[in-house]
Amino acid sequence: MIVLDKSSVVPSRRALKQATDRARSRTRIPRRAGWLQEYSLAALFLAPSIALFGIFLFYPLVQSIYLSLHSTTPRGDVAKYIGLRNFERLFEASGFLNSLWVTVEFMLFTVPTSILLALILAAICRTHLRGSKVFRFIFSLPIAISVGTGSVIWMMLFHPTLGMPNYLLQLIGLPGIQWLTSPDWALISISIMTVWMNVGFLFILLLGGMEGVSEEIYESARMDGAGPMRTFFRLTLPLISPTLFFASVTSIISAFQSFGQINILTKGGPVNSTNVLVFNLYQDAFVNFRFGSGSAQALVLFVLILILTVIQFKFGEKKVHYQ
């Protein structure tokens, strides 16, 4: 009969703990090494983007904050620290307040009109009528035209004697309009051109959202007796609400940043009727070399866009139905 010692069969608690610690150390070291390798690889891939953001976004932002707190010489050199005096002068100046109001008017003229027109065109092309592909191509053409080229085209169209709009008005017995030289019509003219420029992108965006809606939903609606208008307002609009929300946010941001067409067509005139905030900023910073005032306006513009975007996400996103 063989008698085994109990201690030789059942390991002690200390031995079990040591074995467990050794096993954990074997598993932890490779896992930590794997994390370190993943983080290093991720940092390597993100390094070019971080460098570009740092050079073209974060550094200019920091420089703008620095310049907004200083006065500059007529040559554009930093003179002295003046604190928030640049911001105080902005809100005391009537020119800045006028440019702010003109920017708001321009946004109200262009954003709702662009989205509504693009929505109507997208709904028409969504019906797959004969020749709809040709119309899709025509409606999306403005996206391929630069702001400079489009501005030159509309400059010829708005010509008081050679332009097509005034020619058509004269055919029906109405007097021609001074599109770009009348304070009453200049901002409207710029808005018409901007709506035409924006419709191409918004049309493609909204049409893509409509094409993403399943055809089975429309078939079920038709079987239930829903007409085209009821289907559009009760089904299509709620289902493409994420696309509409994205279109409204980007359109408002684009409206506040508009510059090219105003610089080419009116240069802020006549009588500052088209002097939007970005053009006023450009005049102060790069024409009059008042970089402190220009940087302050840039920061005010940044804060305005940020506030409007936050408001849209706070209140507008509640009505968005994500599938």
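Residues numbered from 1 in each chain as written. Predicted model: local features only at pLDDT ≥ 70, side-chain atom pairs only at ≥ 80, totals over all residues. Heavy atoms only, no water.

**As for the overall build of the chain**
Line of reasoning, step 1. Within the chain one finds 14 helices and 2 strands.
Line of reasoning, step 2. Within the chain, buried positions represent 34% of all 323 residues.
Line of reasoning, step 3. In the chain, of all internal contacts separated by at least 6 residues, the share reaching a separation of at least 24 is 68%.
Line of reasoning, step 4. On the chain, roughly 20,800 Å² of surface is accessible, and the fraction owed to carbon and sulfur atoms is 68%. (Helix = DSSP H or I, 4+ residues; strand = E, 2+ residues; numbered from the N terminus. Buried < 20%, exposed > 50% of the residue type's maximum accessible area, 1.4 Å probe, protein only. Contact = heavy atoms within 4.5 Å. Areas by Shrake-Rupley, 256 points an atom, 1.4 Å probe, with all protein chains shown as cover.)

**A short note on unusual backbone geometry**
Line of reasoning, step 1. Cis geometry marks the peptide bond from Gly269 to Pro270, where omega comes out at -10 degrees.
Line of reasoning, step 2. As for its position among the elements, Pro270 is in the loop between helix H12 (260-265) and helix H13 (277-287).
Line of reasoning, step 3. Phi is positive for Lys267, which is not a glycine, with a value near 55 degrees.
Line of reasoning, step 4. Among the secondary structure elements, Lys267 is positioned in the loop between H12 and H13.
Line of reasoning, step 5. Residue Lys267 is classed as exposed on the basis of its relative accessible area of 55%.
Line of reasoning, step 6. Although it is not a glycine, Phe289 sits at a positive phi angle of roughly 60 degrees.
Line of reasoning, step 7. The partly exposed category is assigned to Phe289, whose relative accessible area is 37%.

**Regarding the packing of helix H9 (residues 215-223) against helix H10 (residues 228-239)**
Line of reasoning, step 1. Packing of H9 against H10 leaves a shortest axis separation of 11 Å and a crossing angle of 160 degrees. Looking at the two axes, H9 sits roughly antiparallel to H10. Note on packing geometry: the crossing formed by H9 with H10 is right-handed. Contacts between H9 and H10 involve Ile217, Tyr218 and Ala221 from the former and Thr231, Leu235, Thr236 and Leu239 from the latter.
Line of reasoning, step 2. Taken together, the residues that form the contact of H9 with H10 break down as 5 nonpolar, 2 polar and no charged. (Axes fitted to C-alpha atoms, helices over the stretch in contact; angles between N-to-C directions. Parallel < 35°, antiparallel > 145°, perpendicular 65-115°, else oblique. Left-handed = near helix turned anticlockwise from the far one by under 90°. Nonpolar A, V, L, I, M, F, W, Y, C, P; charged D, E, K, R; others polar.)

**Focus: the layout of surface pockets**
Line of reasoning, step 1. Of the voids in this model, the largest pocket is the one considered here, and its volume is about 430 Å³.
Line of reasoning, step 2. Ala123, Thr127, Tyr218, Pro228 and Thr236 are the residues nearest the centre of the largest pocket, which is lined by 15 residues in total.
Line of reasoning, step 3. The biggest single contributor to the lining of the largest pocket is H10, with 5 residues.
Line of reasoning, step 4. Here the lining of the largest pocket is built from residues that sort into 7 nonpolar, 5 polar and 3 charged.
Line of reasoning, step 5. Roughly 340 Å³ of volume is contained in the second largest pocket.
Line of reasoning, step 6. Lining the second largest pocket are 20 residues; nearest its centre among them are Asn86, Leu90, Asp284, Arg290 and Ser293. (1 Å grid on protein atoms, 1.4 Å probe; cavity = no way out; pocket = protein on both sides within 12 Å on 5 of 7 lines; lining within 4 Å. Points joined across faces, edges and corners; volume = space filled by probe spheres on them.)

**Describing helix H8 (residues 186-211)**
Line of reasoning, step 1. For H8, with 26 residues, the first-to-last C-alpha span of 37 Å sits near the 38 Å given by 1.5 Å per residue.
Line of reasoning, step 2. A maximum bend of about 35 degrees is found in H8 at Val199. (Expected span 1.5 Å × (residues − 1). Bend = angle between axes of the 7 residues up to and from the residue.)

**Concerning the nonpolar core**
Line of reasoning, step 1. Residues Leu119 and Phe203 are the most contacted members of the largest nonpolar core, which totals 51 residues.
Line of reasoning, step 2. Broken down by secondary-structure element, the contributors of at least two residues to this core are helix H3 (85-92), helix H4 (94-126), H8, helix H11 (241-256), H12, H13 and helix H14 (291-316).
Line of reasoning, step 3. In this view, Leu119 contacts Leu206, Met210, Phe232, Leu237, Ile240 and Leu244; residues no more than four positions away in its chain are not counted. (Core = buried A, V, L, I, M, F, W, Y, C linked by side-chain atoms within 4.5 Å.)

**Focus on the pattern of salt bridges**
Line of reasoning, step 1. Taken as a whole, this structure holds 6 salt bridges when the rule is applied.
Line of reasoning, step 2. Arg85 serves as the salt-bridge partner of Glu92, at 3.8 Å between the closest nitrogen and oxygen.
Line of reasoning, step 3. By relative accessible area, Arg85 is classed as partly exposed at 31%.
Line of reasoning, step 4. Across the salt bridge formed by Glu215 and Arg222, the nearest N and O atoms sit 3.5 Å from each other.
Line of reasoning, step 5. Look at Glu215 and you get partly exposed, because its relative accessible area is 35%.
Line of reasoning, step 6. Residues participating in the shared-partner salt-bridge network are Arg85, Glu88 and Glu92. (Salt bridge = Lys/Arg side-chain N within 4 Å of Asp/Glu carboxyl O.)

**Overview of the pairing of strand E2 (residues 78-81)**
Line of reasoning, step 1. Both strand E1 (residues 70-72) and E2 contribute to a ladder of 3 bridges, which runs antiparallel. Bridging across to E2, Ser71 finds its partner in Lys80. (Pairing = 2+ DSSP bridges.)

**Details of the environment of Leu207**
Line of reasoning, step 1. In this structure, Leu207 sits in helix H8.
Line of reasoning, step 2. C-alpha of Leu207 to C-alpha of Leu121: the two residues are 86 residues apart in sequence and 8.5 Å apart in space.
Line of reasoning, step 3. Sequence-distant contacts of Leu207, defined by excluding residues within four places in its chain, comprise Ala122, Cys125, Arg126 and Arg136.

**Structural notes on a nonpolar patch on the surface**
Line of reasoning, step 1. Among the surface-exposed residues, Phe302, Val303, Leu306, Ile307, Val310, Ile311 and Phe315 lie close enough to one another that they form a single nonpolar patch of about 640 Å² accessible area.
Line of reasoning, step 2. Among the structural elements, Val303 can be located in helix H14.
Line of reasoning, step 3. The class for Val303 is partly exposed, based on a relative accessible area of 40%. (Patch = residues over 30% accessible without salt bridge, like charges linked within 9 Å, V, L, I, M, F, W, Y side chains within 5 Å.)

**Focus: the confidence of the model for the chain**
Atom-level detail of predicted coordinates should not be read off regions where pLDDT is low.
Line of reasoning, step 1. Averaged over all residues, the pLDDT of the chain is 86; the fraction at 70 or higher stands at 89%.
Line of reasoning, step 2. Low confidence marks residues 1-10, where pLDDT is under 50. Its contacts with residues over four positions away, or in another chain, come to 1 contact. (pLDDT = per-residue confidence, 0-100.)

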